[in-house]
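Notes for the structure review
Take a look at the letters that make up each chain.
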Amino acid sequence: MTLFSFSSHELDFIDDDEFHEECGVVGIWTTQDAASLTALGLHALQHRGQEASGIVTYDGNQFHTHRGLGLVGEVFDDPRVIASLPGGMGIGHNRYATTGETQLRNVQPLYGDFEFGGFAVAHNGNLTNAQLLKQSLVRRGCLFQSSTDSEVFIHLIAISLYSNVIDRFIDAIKQVQGAYSLVALSKDMLIAARDPLGVRPLILGKLPYSQDENSWVVASETCALSSMGADFVRDIEPGEVIIIDHDGVRSIHPFADNTSSRFCIFEYVYFARPDSVIENKSVYMARKKIGAELAKESHVEADVVVPVPDSGVPAAIGYAEASNIPFELGIIRSHYIGRTFIEPTDQIRNLGVKLKHATNRAVISGKRVILIDDSIVRGTTSKKIVEMVRAAGATEVHLRIASPPTQHSCFYGIDTPAEEKLLAHTHSIDEMCKLIGADSLGFVSADGLYRALQEDKRNNQNPQYCDACFTGDYPIPLTDHDMQLVKSK
Ligand code: SF4
């Protein structure tokens, strides 16, 4: 058997039936060693992007950059790499390629030399008018080096007629549409910004052990703070721009109407790490509550509740507690697929999901099983897992999903297939159940999901979250898509 080393894109035959996280960002403002801290933060945010990673630091005299393809531990594995990134200020980025192919030139942070000095930008999310802006920038003579939409920020800042960095930055973000959490570094300041609806997460933290009182962290999720020993200060608000410089932290709200928030509800369902806290809500507890709502809404008599690991675990615990049915780890997930594995022959491809999941016959055989998963994308994984559970001796398999049916694509930074490839877009629940081969299939309702997040129910006039992949109610215009400037996957 041949041993091969291959990239996560080459593993798409395993992973193309999952939503993929977008990206993670970190920013550090302290006195020294920003690169090590940034790498620790990026490591904690690895679940948000596994294809590439990069750090830019500033040491008071010059900027330093290192970017590479692979996991954080691979890109920053050599201590000489961190040593080559001196300075107390830095920004970093983990990439999952939602726009632009995976090539080194697309790896963030992006850096440019401007008339005011060096400037680096990294962002998480997706701009929905990037192609339109790019067309206009190219007509004005801008030369794009990458195919990622993040470069649009660089050119908008470069051509802005304002004189200072902040005004140029605000001029740029006022021209973009989309979902973004953004970190940027100039020689004088660290800037962090969230889009006006706060679709993607971004938090502010403080480094307590630093010699300097004025030591700050910004990151996509609170789990990054734990890895650095930093304290949580607060969520950065929708539409807020935070400026950190030698005078401390300043906050500005450049958007006139930034009162409503439409945070991505799917961060609670699947994307965020369970130990993170978003909007004062523990992601883990939110997932348990979603499981409890699911149990209330689609109860079925059974012997055991089994999660599809890893993301189905908290919801399954919540389901089991609410239904008084024992929770068991009936499926074991391998965490070691991805770097070196057997040659992907057709035979291996056909094994598909079995590379990643194995059944634990001891807790499944002869039982009526409730399987809990976070979502159904194309349905191929669900079908194979149901088959595996039956093959392990389950007498009944009831599939319960801790989110409403995913009927629509995401254009705000989550990698989803085109609508027509989403099983729930083309099939009724009964048809899906038949196709997947389960004895029954149930989804938590949108109202159940909102209740789990401590809302009464979805406010249809003024929804509290972005839930467009369930409802089709897109809160930010899809300019490029509507003008057919982006291709469907
Ligand atoms: S469309 Fe879905 S995945 Fe995308 S931001 Fe909205 S809720 Fe999140």
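The sections below set out a description of the structure shown in this document. Small disclaimer: the values here were computed from a predicted structure and weren't measured.

Let's talk about the overall build of the protein
The helix and strand tally for the protein stands at 19 helices and 25 strands. Here the protein holds 489 residues, and 59% of them are scored as buried. Here the contacts in the protein between residues at least 6 apart in sequence split such that 69% fall between residues at least 24 apart. In the structure as shown, the protein presents an accessible area of about 19600 Å², 50% of it carried by carbon and sulfur atoms.

A short note on the sheet that holds strand S18 (residues 304-307)
An order of S18-S22-S23-S24 is seen for the 4 strands of this open sheet, with the pairing classed as parallel. Because the sheet does not close on itself, it has two edges, and the strands there are S18 and strand S24 (440-443). Put simply, the sheet's adjacent strands are angled 25° from each other on average, direction ignored. Taken together, the 4 bridges between strand S23 (residues 396-401) and S24 define a ladder with parallel strand orientation.

Focus on the packing of helix H6 (residues 151-159) against helix H7 (residues 165-173)
One can describe the packing of H6 onto H7 by two numbers: an axis separation of 8 Å at closest approach and a directional angle of 125°. Taken together, the axis directions place H6 and H7 in an arrangement best described as oblique. Once H6 is placed against H7, the crossing between them reads as right-handed. Residues Phe-153, Leu-156, Ile-157 and Ala-158 of H6 form the contact with H7, whose own contacting residues are Arg-168, Phe-169, Ala-172 and Ile-173. A per-class count over the contact of H6 with H7 returns 7 nonpolar, no polar and 1 charged.

A few points about the environment of Ser-226
If you trace the backbone, Ser-226 turns up in helix H8 (residues 223-228). For Ser-226 and Ala-44, which are 182 residues apart along the polypeptide, the C-alpha to C-alpha distance reads 8.4 Å.

A closer look at the packing of helix H10 (residues 283-297) against helix H11 (residues 313-323)
Closest axis-to-axis distance for the H10/H11 pair is 6 Å, and the angle between their directions is 45°. By the criterion of interaxial angle, the relationship of H10 to H11 is oblique. Judged by the twist between their axes, the crossing of H10 over H11 is right-handed. Residues Tyr-284, Arg-287, Lys-288, Gly-291, Ala-292, Leu-294 and Ala-295 of H10 form the contact with H11, whose own contacting residues are Pro-314, Ala-315, Ile-317, Gly-318, Tyr-319, Glu-321, Ala-322 and Ser-323. Of the residues contributing to the contact of H10 with H11, the split by class is 9 nonpolar, 3 polar and 3 charged.

Notes on the sheet that holds strand S12 (residues 231-235)
Strand order in the open sheet made by the 7 strands is S4-S3-S5-S2-S11-S10-S12, with antiparallel pairing throughout. Two strands lie at the open edges of the sheet, namely strand S4 (63-69) and S12, each paired on one side alone. Pairwise comparison of adjacent strand axes, ignoring direction, gives a mean angle of 15° for this sheet. Where strand S2 (residues 23-29) lies against strand S5 (residues 89-95), 7 bridges are found, and the strand directions are antiparallel. Counterpart to Cys-23 in the pairing with S5 is Arg-95.

Topic: the pairing of strand S14 (residues 248-252)
Consecutive side chains along a regular strand alternate between the two faces of the sheet. Both strand S13 (residues 241-245) and S14 contribute to a ladder of 5 bridges, which runs antiparallel. The residue of S14 that forms the bridge with Ile-244 is Val-249. From the end of S13 to the start of S14, which pair antiparallel, there are 2 residues.

Side note on the pattern of salt bridges
The final tally for this structure, using the stated rule, is 20 salt bridges. Among the ionic pairs, Glu-240 bridges to Arg-234, the shortest N-O distance being 2.7 Å. You can call Glu-240 buried: its relative accessible area is 1%. Among the residues examined, Arg-234 registers a relative accessible area of 26% and is labelled partly exposed. For Arg-458, the salt bridge identified is with Asp-467, shortest N-O distance 2.5 Å. Assessed through its relative accessible area of 9%, Arg-458 is described here as buried. Residues participating in the shared-partner salt-bridge network are Arg-48, Arg-200, Glu-221 and Glu-267.

Thresholds applied
Residues numbered from 1 in each chain as written. Predicted model: local features only at pLDDT ≥ 70, side-chain atom pairs only at ≥ 80, totals over all residues. Heavy atoms only, no water. Helix = DSSP H or I, 4+ residues; strand = E, 2+ residues; numbered from the N terminus. Buried < 20%, exposed > 50% of the residue type's maximum accessible area, 1.4 Å probe, protein only. Contact = heavy atoms within 4.5 Å. Areas by Shrake-Rupley, 256 points an atom, 1.4 Å probe, with all protein chains shown as cover. Pairing = 2+ DSSP bridges. Axes fitted to C-alpha atoms, helices over the stretch in contact; angles between N-to-C directions. Parallel < 35°, antiparallel > 145°, perpendicular 65-115°, else oblique. Left-handed = near helix turned anticlockwise from the far one by under 90°. Nonpolar A, V, L, I, M, F, W, Y, C, P; charged D, E, K, R; others polar. Salt bridge = Lys/Arg side-chain N within 4 Å of Asp/Glu carboxyl O.

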